[in-house]
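Tertiary structure, described
Residues per chain are reported as follows:
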Amino acid sequence: MSTVVSEKEVAVSKSGKTVVTSSCVAGEWISPGAGSQPIVNPANGETLSTLPYAGAAEVDRAARSAHQAWLAWREVPVVDRVQPLYRFKSLLEKHTREVAEILTRENGKTLDDALAEVRRGVQMIEVACGMPSLMMGDSLNDIAKGIDCRTIRQPIGVCAGITPFNFPAMVPLWMYPFAIATGNTFILKPSERVPMSPTRVVELLVEAGLPAGVIQLVHGGREVVEALLAHPLIRAISFVGSSAVARIVYREAAAHGKRVQALGGAKNHLVVMPDADLPQTVDAILGSAFGAAGQRCLAGSVLVPVGEVAEPLLDLLVKKATALRVGDGMESGVEVGPLVAADQKKRVLGYIEKGIAEGAKPLCDGRQVKADPAGSFLGPTVLDHVQPGSTVAREEIFGPVLSVVRAKTLDEAIALVNASEYGNTTTIYTRSGKAAREYQSRIEVGMVGVNMSVAAPMAFFPFAGWKNSFFGDLHAHGKDAVAFYTEQKVLMTRWF
Ligand code: NAD
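Basis of the calculations
- Residues numbered from 1 in each chain as written.
- Predicted model: local features only at pLDDT ≥ 70, side-chain atom pairs only at ≥ 80, totals over all residues.
- Heavy atoms only, no water.
- Helix = DSSP H or I, 4+ residues; strand = E, 2+ residues; numbered from the N terminus.
- Rg over C-alpha atoms; globule rule 2.2 N^0.38 Å.
- Buried < 20%, exposed > 50% of the residue type's maximum accessible area, 1.4 Å probe, protein only.
- Contact = heavy atoms within 4.5 Å.
- Areas by Shrake-Rupley, 256 points an atom, 1.4 Å probe, with all protein chains shown as cover.
- Axes fitted to C-alpha atoms, helices over the stretch in contact; angles between N-to-C directions.
- Parallel < 35°, antiparallel > 145°, perpendicular 65-115°, else oblique.
- Left-handed = near helix turned anticlockwise from the far one by under 90°.
- Near = heavy atom within 4 Å.
- Polar contact = N/O pair within 3.5 Å; in protein donor to acceptor, adjacent residues only side chain to side chain.
- Nonpolar A, V, L, I, M, F, W, Y, C, P; charged D, E, K, R; others polar.
- Pairing = 2+ DSSP bridges.
- Domains from an automatic or database assignment.
- Buried area = accessible area lost by both parts, 1.4 Å probe.
- Salt bridge = Lys/Arg side-chain N within 4 Å of Asp/Glu carboxyl O.

The next point concerns the overall build of the protein. Across its full length, the protein carries 18 helices and 23 strands. Computed over its C-alpha atoms, the radius of gyration of the protein comes to 23 Å, within 12% of the 23 Å expected for a compact globule of 496 residues. For the protein, the C-alpha atoms occupy an extent of roughly 75 × 65 × 40 Å along the three principal directions. Looking at the 496 residues of the protein, the share that counts as buried comes to 58%. Pairs at least 24 residues apart make up 72% of the contacts formed inside the protein by residues separated by at least 6 positions. Approximately 19,800 Å² of the protein is accessible, and the part contributed by carbon and sulfur atoms is 54%.

Structure representation (structure tokens):
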């Protein structure tokens, strides 16, 4: 049973004081009754809100109304379709701080990090507003005598997005601005761990004047995902999350005849050459490995010092990692917030224990951090002498833990990185153009940095990894998003 959320509740939500984590189905804000879950602030254990779960019935209603909305939306000229997105961009800019504060409270990342995330999201909308140019096709006259040919891109219908907990405001924006601007309608299923910030952002899009049904929001967990994957009116699925779930989503959605892009997990290597600029490199590594408490798909997770750089690098790294300030992300000066929830902290602790049991030596041990015991805090941890085949060298930990696997040469480092089942991102630190070029060319990874902290492609470039980090072919945002959310048609014309 769903209940409609009152105007008053929505107004409270808009004020940003209390966020009602309701679903938006067929143009109505509803509070579905298929179960619920408390939303907890990981910095202090405070309950922020309760998430009412939608079920298969709400997904069906959302899909049907999104399909109806699509029949009209696809007829709207693209120059008019982007107008609500321009207003949405302005609204999100105006509410950046409010959304970032909600994000910090539900996810734990520092406020600076949350502000940066929302700004990245705004950039997605900016790029999608360029859809009149981005959607253009090709044309060539006289492909044969008197015959002209051109391609056009048309929307595909109802698209759906399933998103993870670590970028709750930004990752949905990798998807729906592009889907909507190309003439589709969209159903979003955000992570049930952090539903408040994506809800607030969708509220802003509705406020921007999008016709009812073009954007819909269904909260919930696995049952909602399964209903989305199987629904016959949904034509495309965009997924971002762990590899295990990405693989299932890719398989199930494809089995139901849908187009799929499924971005998965990661195990990212940072390779440091003996000629690297050490102070700069250490700062970049700290941001990569411990920023957002290591809960980024682009977080550095394995440090590979090459040759004699290991000792001076680790000395400086450990000194600076130990000095990072751990605490509530709302407090200024805090550099490492809590993990998203207590179960995630338990999982990461398990990895640290396993690493040590497998022979790794902790150079700094985040288990000893001093912080609010009601929060899910864990300090930066550096595990040295990790063996290449061991668990903490291979599996995604998704916490502030850096495993050090030493290599003798660049060749050995490249072989080590290429042996990983993941291929999301990697960075090499060096002053040698030759080493950097060789690394970029030979490495089997989707996003490659040279002397970068986090090599995150911006909205106008595509984003995705290789191997088990990605299932599909067209990547997120950039021109790939335009191709993913459209069907290409070739028109050939001859006049007598
Ligand atoms: P997750 O896979 O647990 O959840 C992602 C989404 O899938 C959520 O909306 C969740 O409700 C749903 N889900 C979870 N289990 C499911 C199941 N069994 N069946 C159907 N749906 C299910 O991921 P998470 O813990 O929220 O996010 C962290 C993961 O996301 C990490 O592995 C991280 O590397 C990855 N990630 C990848 C990228 C990328 O660009 N490749 C970006 C961000 C996060």
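Put simply, helix α6 (residues 111-128) and helix α8 (residues 170-181) touch, their axes get as near as 9 Å, and they point 15° apart. As the angle between them shows, α6 and α8 are arranged roughly parallel. The way α6 lies across α8 gives a crossing that is right-handed. Facing α6, whose interface residues are Glu117, Arg120, Gly121, Met124, Ile125, Val127 and Ala128, α8 presents Met170, Leu173, Trp174, Pro177, Phe178 and Ala181.

As a matter of local geometry, the ligand sits amid 26 residues, with Lys189, Glu192, Ser242, Gly264 and Glu396 nearest to it. Between the ligand and Thr163, the relevant distance is 2.8 Å, taken from an oxygen atom to a main-chain nitrogen or oxygen of the residue. One of the side-chain N or O atoms of Ser242 is found 2.6 Å from an oxygen atom in the ligand. Protein chains bury 88% of the 840 Å² of accessible surface belonging to the ligand in isolation. Those elements giving two or more residues to the shell around the ligand turn out to be α10 (222-230) and β11 (234-240). Taken together, the residues of the shell around the ligand break down into 14 nonpolar, eight polar and four charged.

The strands making up a sheet associate through hydrogen bonds between their backbones, and the pairing can be parallel or antiparallel. The sheet built from seven strands is open, its strands ordered β15-β16-β17-β14-β13-β19-β20 with mixed pairing. Every interior strand has two partners, whereas the edge strands, β15 (361-364) and β20 (447-450), have only one. When strand polarity is set aside, the average angle formed by the axes of neighbouring strands in this sheet is 20°. Looking at chain direction, strand β13 (residues 268-272) and strand β14 (residues 300-305) are connected through five bridges and run parallel. Bridge pairing in β14 links Leu270 to Leu303. Helix α16 (residues 410-418) contacts β13, β14 and β19 (425-429) of the sheet and is inclined by roughly 175° relative to β13.

With that settled, the discussion passes to the domain arrangement of the protein. How big an interface is tends to be stated in terms of the accessible area lost upon association of its parts. Assigned domains of the protein: these are domain 1 (3-264 + 469-493) and domain 2 (268-450). Each of domain 1 and domain 2 has a C-alpha centre, and the two are 31 Å apart. Where domain 1 abuts domain 2, roughly 1,800 Å² becomes buried across the two surfaces, and 56% of that area is made up of carbon and sulfur atoms. Three residues, Ala43, Phe165 and Ser469, lead the burial of domain 1 against domain 2; their summed loss comes to 26% of the area buried on that side. Across the pair Asp343 and Arg193 runs a salt bridge, and its minimum N-O distance is 3.0 Å.

Moving on, we come to the pattern of salt bridges. Under the criterion given, the structure shown has 25 salt bridges. Here Glu75 makes a salt bridge to Arg74, at a shortest N to O gap of 4.0 Å. We note a salt bridge from Lys89 to Glu126, for which the minimum N-O separation is 3.0 Å. Of this pair, Lys89 sits in helix α4 (residues 83-94) while Glu126 sits in helix α6, and the two are 37 residues apart along the sequence. Judged by its relative accessible area of 18%, Lys89 is buried. Taken together, the shared-partner salt bridges in this structure form one network comprising Lys89, Glu93 and Glu126.

Right, let's get into the environment of Arg74. With respect to the element layout, Arg74 can be found in the loop between α2 (56-73) and α3 (78-81). Note on Arg74: relative accessible area 36%, which makes it partly exposed. Distance from Arg74 to Cys24, taken between C-alpha atoms, is 21 Å for residues 50 residues apart in sequence. Setting aside residues no more than four positions away along its own chain, Arg74 makes contact with Arg81, Pro155 and Gly183.

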